[in-house]
Every structure is written in C-alpha cells, then in structure tokens.
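# Summary of the model geometry
What follows is each chain in one-letter form.
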Amino acid sequence: MSLDPSQASPRGAGVFFERRELERLLRLYGRMVAAGEWRDYGMDALHDSAVFSVFRRTAEAPLYRIEKRPALARRQGAWAILGQGGHILRRGHDLEQVLRFFDKTRFSVVD
C-alpha cells in the first residue's frame, strides 16, 4: 500500500474559521433566528477565504456573507460583511468589531 501525498490532504491549504470565531458567528446566528430575521446558514472553506452565509429563506441568495480573508489581514482587515449585491458593508481587523454591524438592528424606537 502506498501513500499518495496529493490525496492525503486535498483541502489542506484551505482557510476555515477557528473555534472561537465559529462560536461567535453561531451565537449571532442563533440570536437573529430567535428574532425571526434569519432562517438558514451555509459555510464554505475556500483556498483563500472562509465564508459564513446567512439566508432569510433557504431558496434565496444569501442575505449577508461574512468572509475571512487572511491575505488582507495587514491591509484592510481579514473580516468583511458583504450584502446581497456583493457590496462590502463593513470591513475590519477584529471579528467582534465587524459583527457590531448587526447590533444596530437590536434597538428600535418605541412610541
């Protein structure tokens, strides 16, 4: 039996979320599901980025995409939130700071 190194780790160079990052993303997802705003999510581990997509309805395009791109960590920041049209809504170096984008919807004016 021989070991082919090309098949040993087919996605070895891919980027994925660390445990704390994934916990924070899933905590945000749970809060938004409880508020009735989001219903589904998906994750992708690509060779240059990791993507956490959230959906209002399962059959639609993602409402938001939260991307981690380590190659941009020193320049613009590794984290970005992209809207439906692919526009960058917020970018930064720290996940907590970037996810504050969703906190502004927690408070609403009451008459």
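Residues numbered from 1 in each chain as written. Predicted model: local features only at pLDDT ≥ 70, side-chain atom pairs only at ≥ 80, totals over all residues. Heavy atoms only, no water.

## Regarding the sheet that holds strand β1 (residues 40–45)
Spatial ordering of the open sheet is given by β1-β2-β3-β4-β5, a layout of five strands whose pairing is antiparallel. Looking at which strands have only one partner, the edges of the open sheet turn out to be β1 and β5 (88–92). Direction aside, neighbouring strands of the sheet carry axes that sit 15° apart on average. In this sheet, strand β2 (residues 50–55) lies alongside β1 in antiparallel orientation, the contact comprising six bridges. Counted as the bridge partner of G42 is S53 from β2. (Pairing = 2+ DSSP bridges. Helix = DSSP H or I, 4+ residues; strand = E, 2+ residues; numbered from the N terminus. Axes fitted to C-alpha atoms, helices over the stretch in contact; angles between N-to-C directions.)

## Focus on a nonpolar patch on the surface
Side chains of F16, L26, Y41 and M43 sit close together on the surface and give an oily, nonpolar patch of about 320 Å² of accessible area. Here L26 lies in helix α2 (residues 19–34). The partly exposed category is assigned to L26, whose relative accessible area is 33%. (Patch = residues over 30% accessible without salt bridge, like charges linked within 9 Å, V, L, I, M, F, W, Y side chains within 5 Å. Areas by Shrake-Rupley, 256 points an atom, 1.4 Å probe, with all protein chains shown as cover. Salt bridge = Lys/Arg side-chain N within 4 Å of Asp/Glu carboxyl O. Buried < 20%, exposed > 50% of the residue type's maximum accessible area, 1.4 Å probe, protein only.)

## What to know about the packing of aromatic side chains
Under the criterion given, the structure shown has ten aromatic pairs. Taking the centre distance of 6.2 Å and the plane angle of 55° together, the rings of W38 and Y64 count as tilted. Taken together, the residues span a long stretch of sequence, with W38 in the loop between α2 and β1 and Y64 in strand β3 (residues 64–68) at a distance of 26 residues. With 5.0 Å between their ring centres and 85° between their planes, Y64 and F102 make a pair best called edge-to-face. (Phe/Tyr/Trp six-rings, centres within 6.5 Å; stacked < 30°, edge-to-face > 60°.)

## Topic: the nonpolar core
W38, I66, L99 and F102 are the most contacted members of the largest nonpolar core, which has 21 residues in total. Looking at this core, the elements that each hand over two or more residues are α2, β2, β4 (79–82) and α3 (95–99). Among the elements that line this core, the one with the most residues is α2, at five residues. Sequence-distant contacts of L99, that is, excluding residues within four places in its chain, are made with R24, L25, L28, I66 and I81. (Core = buried A, V, L, I, M, F, W, Y, C linked by side-chain atoms within 4.5 Å. Contact = heavy atoms within 4.5 Å.)

## Notes on the pattern of salt bridges
By the definition in use, this model includes eight salt bridges. Notably, a salt bridge pairs R69 with D48, separated by 3.1 Å at the nearest N-O pair. Placement of R69 in the loop between β3 and β4 and of D48 in the loop between β1 and β2 is noted, with a sequence separation of 21 residues between them. Taking relative accessible area as the criterion, R69 reaches 26% and is therefore assigned partly exposed. Given a relative accessible area of 34%, D48 falls into the partly exposed group. One salt-bridge network, in which partners are shared between bridges, spans D48, R65, E67 and R69.

## Here's the deal with the side chain of E67
The topology assignment puts E67 in strand β3. Overall, E67 belongs to the buried group, its relative accessible area being 6%. Residues within four places of E67 in sequence aside, it is in contact with A50, V51, A78, W79, A80 and L82.

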